[in-house]
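What the coordinates show
Here is what each chain is made of, one letter per residue.
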Amino acid sequence: MVEGQIPVAEYDSGNTKHTWNVKKLLNAHNILAEYTYQKGKVIKGYANRTLYVNLSTNTISEKPVTDDMKKKFTGGRGFGLKLLWDSIKPTTRWDSEENELVITTGPLCGTTQYAGSGKSLCLTISPSTDIICDSNVGGFFGPYLKFTGFDALEIQGKAKEDVVIVIDGERSKVTIETAPKEEVNSHVLNEQLTHMYASKDTDSARQKVSVVSAGKGAEHSWWGCLNFSFYDIRRKVCRMKQAGRGGLGTVLRNKHIKAVVAKVERFDGVTNHPADPVTLAKVGTKLHQEIRDLDRQQCNMRAVGTVHLVEIMDQYDLLPTENYRFGSFPKASKIFSPKFYEYFTKIIPDGCWHGCTMACAKTVDGFTIMTGPYKGQNVTVDGPEYETVGCGANMSLWDPAWILEFNFYCDTYGLDTISTGTAIAFYMEMFEYGILNKERCDGLELYFGNFDAVMEFLHRMARGDKGEFIIVAAKGVRRVKDWMKKKGWGNPQLIEDAGMESKGLEYSEYVTKESLAMQGGYGLTLKGPQHDEAWLIFMDMVNNQIPTFKDKAEALHYFPMWRTWFGLNGLCKLPWNDIEPANNAETDEPAKVPEHVQNYVEYQNAVTGWNVDKEELILQSERCYNWQRAMNVWLGKGTRKEDWIPYRSIGPVTEMEYVSRKDRYDAQLIEKVRLKKEQVERMSVPEKIKALYKHRRNEYEKLADAVYYRRGWTPNGIPTPQKMKQLGMDDSKLLKVLQKKIDDDEKVGKNVWGGIYKKGEKPPTTVHNYWEKW
Amino acid sequence: MEHQKTVKVLKFHPQKCTGCRKCEQACSQVHFKTDEGGDKSAIRILKTKQGYQMHVCDQRGLCIDMCPVGALARRKNGIVWLDKNTCIGCQACVGFCPIGAMRKSDARIEPFKCISCGACVRACPEQALELVEKKIDDIKEVVYHGLEAH
């Protein structure tokens, strides 16, 4: 569809139409708990209270947000950490009764004037990693949660049967209701609940409802994502965005929650009651104009979303193909952005929250499903985004329609496309080597490029198939590694090196072999290998702007802190550097996009009425970042051991990989490992791989040393109490935990740097326990 | 569904204009019940070296497809209309208007624009303004959505 100015009522998506008997569905509900609250106003970005729901006891209550909480944790993910700290134990695991699913907003969340301001931050103890996972997601739920009166929603306990939690801002009422008859899969369930709870039978009323759900896949795997709905008045469907990483949807279904619904009575451009709406509108409009004028020459997000990255990644050898063995592939052009552009619906405003003119949330409408329970139906597919297309490359699926089908089912089944795709790619590689085979895979022929097998795997998983492989495979790469090793299949070293997980979480879709800084960007992280903390490949590998360990460490301090800030405020990162001012390249630090940093300073001040500067923004993040790492220590993790990354992300694991980039690696053996040319020529490929392995592994350890030092952590990666106090995070219980861990590390000799330093090289400091001298 | 084919837009006769800005005052009266004109007027008269210029919405309607809540639509008479009660103040239309004719006053978060009501035409003592009928197909503009420049 390329015709513009179509009246909203006249749009037709071409989707299969459904009519639901919502009365019948609603009549089957039994109200288990009801809580009426006093309506309040959001003041300068804060609702000033959080909502607590316990499904084991069917209690609902509210907690105040104190000034101290705002000062220390800012909001969003910070509030989530604080609420978890107050509620869980060091022994809490993902399926423990006391584990919580927390959905938070942030003071800037719900602003409509500045692009990318509708994000929710979701936190829980992850099944994959046993530590806190945080995930950032669009859709209307976050803003609506705040506008109904709460900065965060905290769900503890487990229901005995499937329930929905309804937060009704119209009647100021929160209910827990049994929901036995609704569908579980999100694209249907979200539609049913939206029609059920909308105040009127109009699109405008339906747009005031948002649903959080996860599908059947989330029930039977550890890759469960949360689908956050946003009703599209033109397409007349509940579109959705995913809080993908770390199994949040798995936790939702484990608690027997079918969905959480938020409904607002009305809202406008100043429902956050910003301190200075005039400045806010000016800063926001300036960005809209930048996007209008420059996006088409820069990322063209408005036309193709994040898929524009596919061709760039392929060009720079960064597009993961065949389980990250390669970074580019001859067939890749079949899935470049112009191929998806042909499918995407044009012109419709595609922001996942109102006012986001970056509009990267593309859809394919009227897509005819080819497999599974919805075969033959025409549906809206939300996406794909770059990561999902990257998964296609990783599984060697070189047909846009296959990627769309994979995308659709992952979404409606509530599966994180990233974890699902990365894990299947690993299983495919193991299949190629014969470590897995048809028999060991419950009859699935999981070779690279086998689209039918991929879909069959998803459908069987969603049906709760009890095959041994299906059950283990649905828990991800880490558990399959352990399973294959236990079975005695294959070379354990190969299995460890090739499976792309760290901390138990699957990698997202970038090849990092040639960028040491980005290896740190994935490994030296809080929740696991996700590119939301830092994306340094171009700075490091292409532009060589951060050549030394100290430079890389500085980048691995600044960027994770900067990017954390978005999560504290309820914002999206994309409008920061996926659009840049025309003169950005001429600034002192183009990678930081200084003008946009200044926008955010003005933006936060305009909403909250504070008077902060750019340094204070980083401090806000540093407080929460260190707190989260400290909580990981409290949970028995958060050390150098957990920051291990698989060798596939560092260098060539197999001979095939080495030979495919032989000139590059041979040259490095001479330049970096300092071997003589004649020596290299005489070496066999396995010998070369080994030499490179030893060198690159040590480079990573040296990087960890430099980064830990820059962050004020011990050589074992523990935030020091001195650092925490400096940041004003002086909780005595947590400080004691850290001191005890550091003392224990001292006894077993872990307070020493991990890298091996040759003559002329130095660790970050030679002062033992340097932080004690502060 | 049948849609309106024509729309009334403002036409300016600069040689007749004396720069009295009675038009702006009349316009701000319509939108903000004040005769301040200026930032509160959808029509602006600018003094340039070449003489007076009018700056106002020409009803091309690019903004319609920018609105996430459907607050912008062509009315039966073809006018591009912003429904203030539906608007959520995001300024997407303001930022994307190619001629800067979607206005925002500091007085409220919702923008405003020319609705071809004729108040300015009536207020002009020199008959420098008139409303003329144009074919919508001739003036219509759709927001950029191409691959070409990439």
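Residues numbered from 1 in each chain as written. Chains lettered and ligands numbered in written order. Predicted model: local features only at pLDDT ≥ 70, side-chain atom pairs only at ≥ 80, totals over all residues.

Here's the deal with the domain arrangement of chain A
Accessible area lost on assembly of the parts is the figure often given for the size of an interface. Residues and elements named next belong to chain A. Here the domain parsing of chain A yields domain 1 (8-263), domain 2 (295-506) and domain 3 (516-579 + 612-773). If you average the C-alpha positions of domain 1 and of domain 2, the two centres end up 26 Å apart. Contacts between domain 1 and domain 2 engage 43 residues on the former and 38 residues on the latter. Sorting the residues of the side of domain 1 that touches domain 2 by element identifies α5 (186-197), α7 (216-220), β11 (226-232) and β12 (237-243) as the ones contributing at least two each. The greatest single-element share of the side of domain 1 that touches domain 2, amounting to five residues, is contributed by β12. For the side of domain 1 that touches domain 2, a count of residues per class yields eleven nonpolar, 26 polar and six charged. (Domains from an automatic or database assignment. Contact = placed C-beta atoms within 7 Å. Helix = DSSP H or I, 4+ residues; strand = E, 2+ residues; numbered from the N terminus. Nonpolar A, V, L, I, M, F, W, Y, C, P; charged D, E, K, R; others polar.)

A closer look at unusual backbone geometry
For residues that are not glycine, phi is negative in most cases, and the peptide bond is trans in most cases. Residues and elements named next belong to chain A. At the junction of Gly-383 and Pro-384, the peptide bond is cis and its omega measures out at 5° in the coordinates. Mapped onto the fold, Pro-384 is located in the loop between β15 (378-382) and α13 (386-394). The residue Ser-396 is not glycine, and still its phi comes out positive at about 60°. When you line up the elements, Ser-396 lands in the loop between α13 and α14 (400-413).

Examining the sheet that holds strand β6 (residues 132-137) of chain A
All names here are of chain A. The strand order across the open sheet built from six strands is β3-β2-β7-β4-β5-β6, with neighbouring strands paired in mixed fashion. A single partner strand is all that each edge strand has here, and the edge strands are β3 (59-64) and β6. Ignoring strand direction, the axes of neighbouring strands in this sheet form an average angle of 15°. Two strands pair when backbone bridges link them, and strand β4 (residues 100-104) and strand β7 (residues 152-156) are joined in this way by five bridges, in the antiparallel orientation. Paired with Glu-100 across the strands is Gln-156, a residue of β7. Most of the contacts of helix α3 (residues 77-87) go to β4, to which it runs at about 155°, and overall it touches β2 (49-54), β4, β5 (120-125), β6 and β7. (Pairing = 2+ DSSP bridges. Axes fitted to C-alpha atoms, helices over the stretch in contact; angles between N-to-C directions.)

Regarding the pairing of β5(A)
Residues and elements named next belong to chain A. Of all six residues that make up β5, six are buried, and the element is covered over most of its length. Residues Ser-120, Cys-122 and Thr-124 of β5 are buried on one face, and the alternating residues Leu-121, Leu-123 and Ile-125, pointing to the opposite face, are buried as well. One ladder, built from three bridges, connects β4 with β5; its direction is antiparallel. Of the residues in β5, the one forming a bridge with Thr-104 is Leu-121. In terms of strand pairing, β5 meets β6 through six bridges, oriented antiparallel. Opposite Cys-122, over in β6, you have Ser-135 as the bridge partner. (Buried ≥ 20, exposed ≤ 12 C-beta atoms within 10 Å, placed from the backbone.)

Structural notes on the nonpolar core
Ranked by internal contacts, the top residues of the largest apolar core, which has 260 residues, are A:Leu226, A:Val261, A:Tyr427, B:Cys63 and B:Cys93. Listed in part, the five residues of the second largest apolar core include A:Tyr665, A:Leu669, A:Ile689 and A:Leu692. (Core = buried A, V, L, I, M, F, W, Y, C linked by C-beta atoms within 7 Å.)

Brief notes about the confidence of the model for chain B
For chain B, mean pLDDT is 96; residues scoring 70 or higher make up 98% of the total. For this predicted complex, the interface confidence reaches an ipTM of 0.97, while the overall pTM sits at 0.98. (pLDDT = per-residue confidence, 0-100.)

Let's talk about helix α20 (residues 516-523) of chain A
Within α20(A), eight of the eight residues are buried, which leaves the element mostly enclosed by the surrounding structure. Along α20(A), the residues that are buried comprise A:Leu516, A:Ala517, A:Met518, A:Gln519, A:Gly520, A:Gly521, A:Tyr522 and A:Gly523.

Here we look at the packing of helix α25 (residues 614-634) of chain A against helix α31 (residues 732-747) of chain A
Residue and element names in this part refer to chain A. At a closest axis distance of 10 Å, the pairing of α25 and α31 adopts a crossing angle of 65°. You can see that α25 and α31 cross each other, and the crossing is left-handed. Every residue of α31 that contacts α25 at Ala-630, Val-633 and Trp-634 is listed here: Leu-734, Val-737, Leu-738 and Lys-741. (Left-handed = near helix turned anticlockwise from the far one by under 90°.)

Overview of the interface of chain B and chain A
If you look at the interface, chain B gives 32 residues, while chain A gives 35 residues. Contributing elements (two or more residues each) for the side of chain B that touches chain A: β4 (72-74) and α2 (92-96) of chain B. Ranked by residue count, the leading element in the side of chain B that touches chain A is α2(B), at four residues. For the side of chain B that touches chain A, the residue count by class is 18 nonpolar, eight polar and six charged.

What to know about the packing of α20(A) against helix α29 (residues 685-711) of chain A
All names here are of chain A. Orientation of α20 relative to α29, taken along the N-to-C sense of each, is 65°, at an axis distance of 10 Å. Between α20 and α29, the angle is such that the two are roughly perpendicular. For the pair α20 and α29, the sense of crossing is right-handed. Contacts between α20 and α29 involve Leu-516, Gln-519 and Gly-520 on the former and, on the latter, Glu-699, Tyr-700, Leu-703 and Val-707. Along the lines of polarity and charge, the residues of the contact of α20 with α29 split into four nonpolar, two polar and one charged. (Parallel < 35°, antiparallel > 145°, perpendicular 65-115°, else oblique.)

Digging into the environment of A:Val477
Residue and element names in this part refer to chain A. Tracing the backbone through its elements, the reader meets Val-477 in helix α18 (residues 477-487). With 111 residues separating them in the primary sequence, Val-477 and Gly-366 have C-alpha atoms 34 Å apart. In this view, Val-477 contacts Thr-422, Ala-423, Phe-426, Gly-499, Met-500, Glu-501 and Glu-506; residues no more than four positions away in its chain are not counted.

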